[in-house]
Amino acid sequence: AIEHTPSHRPALEELKRIHTEQEVWSSLVGVLARESSLAPEDRRLPFFAEIARIWQDKIGNSKVAVSSWQKVLQEQPDHSEALARLLGLYEAEGSWRKYLDVADRHLHTLSGLELRDRQAELGVIAQEKALDTERAISYFRAATSGDRPSPTALGELRSIARSRGDWEQVIQ
């Protein structure tokens, strides 16, 4: 049926069932891709997310998984699973600048002490792993603004100022 009518839903459902049962993941991805191309534009996101999950969890191809999760974010920029999965993938491969880019997209969902602590944590990552002192300073400054500045961020800012010989900043 699928050869004569590529959009035949019952045939696609049966192929998905068979490929899942037999764990033929790349073929399942193909069926899901076909289904996504047939779906209305506003209903493609679940297919894209499932394809990304299969690439990451079943096939174990992190490069394609990253690309697939990015496609999910193109459809829905604040998709929490895609953001979390990309953070994990970038952390695993040591792509710290990309990790920070994704983490930045998630900051707007935080507030209060949770936001402050995450900004301080990202500052440490920027400083120690991404080797981006200017970006670290930006995170640390954000984590020290407000009524309850992060002790970690304050210490890191002093340490950076000391290493640069910026004694006015160290004294503050």
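Residues numbered from 1 in each chain as written. Predicted model: local features only at pLDDT ≥ 70, side-chain atom pairs only at ≥ 80, totals over all residues. Heavy atoms only, no water.

### Quick look at the overall build of the protein
Inclusion rule: Put simply, DSSP H or I for four residues or longer makes a helix, DSSP E for two residues or longer makes a strand, and each gets a number counted from the N terminus. Computation of the radius of gyration draws on C-alpha atoms alone. For the globule rule, the value is 2.2 Å times the number of residues to the power 0.38. Summary of the burial criterion: residues with accessible area below 20% of their type's maximum are buried, those above 50% are exposed, and those between are partly exposed, where the area comes from a 1.4 Å probe applied to protein chains only. What makes two residues a contact is simply this: any of their non-hydrogen atoms within 4.5 Å. Positive residues here are Lys and Arg, negative ones are Asp and Glu, while His and the chain termini are left out of the count. Taken as the charge centre is NZ of Lys, CZ of Arg, CG of Asp or CD of Glu, depending on the residue.
Along its length, the protein carries 10 helices and zero strands. Reading the secondary structure of the protein in the N-to-C direction produces α-α-α-α-α-α-α-α-α-α. Taken over C-alpha atoms, the radius of gyration comes to 22 Å for the protein, far larger than the 16 Å a tight globule of 172 residues would show. When its C-alpha atoms are laid out on the principal axes, the protein stretches across 75 × 25 × 20 Å. When the 172 residues of the protein are sorted by exposure, 38% land in the buried category. For the protein, long-range pairs separated by at least 24 residues make up 36% of all intrachain contacts whose partners lie at least 6 apart in sequence. Both charge centroids of the protein, one from 23 positive and one from 27 negative side chains, sit 1 Å from each other.

### A few points about helix α9 (residues 151-164)
Note the threshold: An expected span of 1.5 Å times one less than the residue number is assigned to each helix. Note that the arc is computed from the directions linking the helix axis to the C-beta atoms.
Between the first and last C-alpha of α9 there are 20 Å, a value that for 14 residues agrees with the 20 Å anticipated at 1.5 Å per step. Listing the buried residues of α9 in full gives Ala153, Leu157, Ile160 and Ala161. Within α9, the buried residues cover an arc of 100° as seen down the axis, which keeps them to one side. Exposed positions of α9 whose direction lies more than 90 degrees from the buried face are Pro151 and Ser163. Just downstream of α9, glycine 165 is the residue with a positive phi angle, here 75°.

### Some words on helix α7 (residues 112-128)
Its 17 residues place the ends of α7 25 Å apart at the C-alpha level, agreeing with the 24 Å of an ideal helix rising 1.5 Å per residue. Burial in α7 covers these residues: Arg116, Arg118, Gln119, Ala120, Leu122, Gly123, Ile125 and Ala126. In this structure, the buried side of α7 is in contact with α5 (80-93), α6 (96-107), α8 (133-144) and α9.

### A few points about the side chain of threonine 144
Here threonine 144 is to be found in helix α8. The residues contacting threonine 144, other than those within four sequence positions of it, are Pro149, Ser150, Ala153, Leu154 and Leu157.

### Examining the environment of arginine 44
We apply this condition: N or O atoms closer than or at 3.5 Å make up a polar contact, with two conditions inside protein: a donor-capable atom paired with an acceptor-capable one, and, for residues adjacent in sequence, both atoms drawn from side chains.
Checked against the element boundaries, arginine 44 lands in the loop between α2 (25-38) and α3 (45-59). With a relative accessible area of 24%, arginine 44 lands in the partly exposed category. Once the C-alpha coordinates of arginine 44 and valine 72 are considered, the two residues, 28 residues apart in sequence, prove to be 9.1 Å apart. Residues contacting arginine 44, with those up to four places away along its chain left out, are Ser36, Ser37 and Ala39. In terms of polar contacts, arginine 44 uses its side chain to reach the backbone carbonyl oxygen of serine 36, at 3.0 Å. At a separation of 3.1 Å, a polar atom in the side chain of arginine 44 contacts the main-chain carbonyl oxygen of alanine 39.

### With respect to the pattern of salt bridges
Cut-off, in case you're wondering: Whenever Lys or Arg places a side-chain nitrogen within 4 Å of a carboxyl oxygen from Asp or Glu, that contact is recorded as a salt bridge.
Going through the model one piece at a time under the given rule, you end up with 14 salt bridges. Aspartate 101 serves as the salt-bridge partner of arginine 135, at 2.8 Å between the closest nitrogen and oxygen. Placement of the pair is arginine 135 in helix α8 and aspartate 101 in helix α6, with a sequence separation of 34 residues. A relative accessible area of 18% means that arginine 135 is categorised as buried. Residue classification places aspartate 101 among the partly exposed residues on the basis of a relative accessible area of 41%. Residue arginine 135 is joined to aspartate 104 by a salt bridge in which the shortest nitrogen-to-oxygen separation is 2.8 Å. With arginine 135 in helix α8 and aspartate 104 in helix α6, this pair connects stretches of sequence that are 31 residues apart. Each of Glu50, Arg53, Asp57, Glu81 and Arg85 takes part in salt bridges that share partners, so that together they form one network.

### A look at the nonpolar core
Across soluble globular proteins, nonpolar side chains have a tendency to be buried as a group. Where we set the bar: We define the nonpolar core as a collection of buried residues of types Ala, Val, Leu, Ile, Met, Phe, Trp, Tyr and Cys that are connected through side-chain atoms lying within 4.5 Å of one another.
Judged by nonpolar contacts, the single largest core of 44 residues is most densely connected at Trp69, Val72, Leu86, Tyr99, Leu100 and Leu122. Taken together, the elements giving at least two residues each to this core come down to α2, α3, α4 (62-75), α5, α6, α7, α8 and α9. At eight residues, α3 tops the list of elements feeding residues into this core. The contacts of valine 72, once residues within four sequence positions are left out, are Leu45, Phe48, Ala49, His79 and Ala82.

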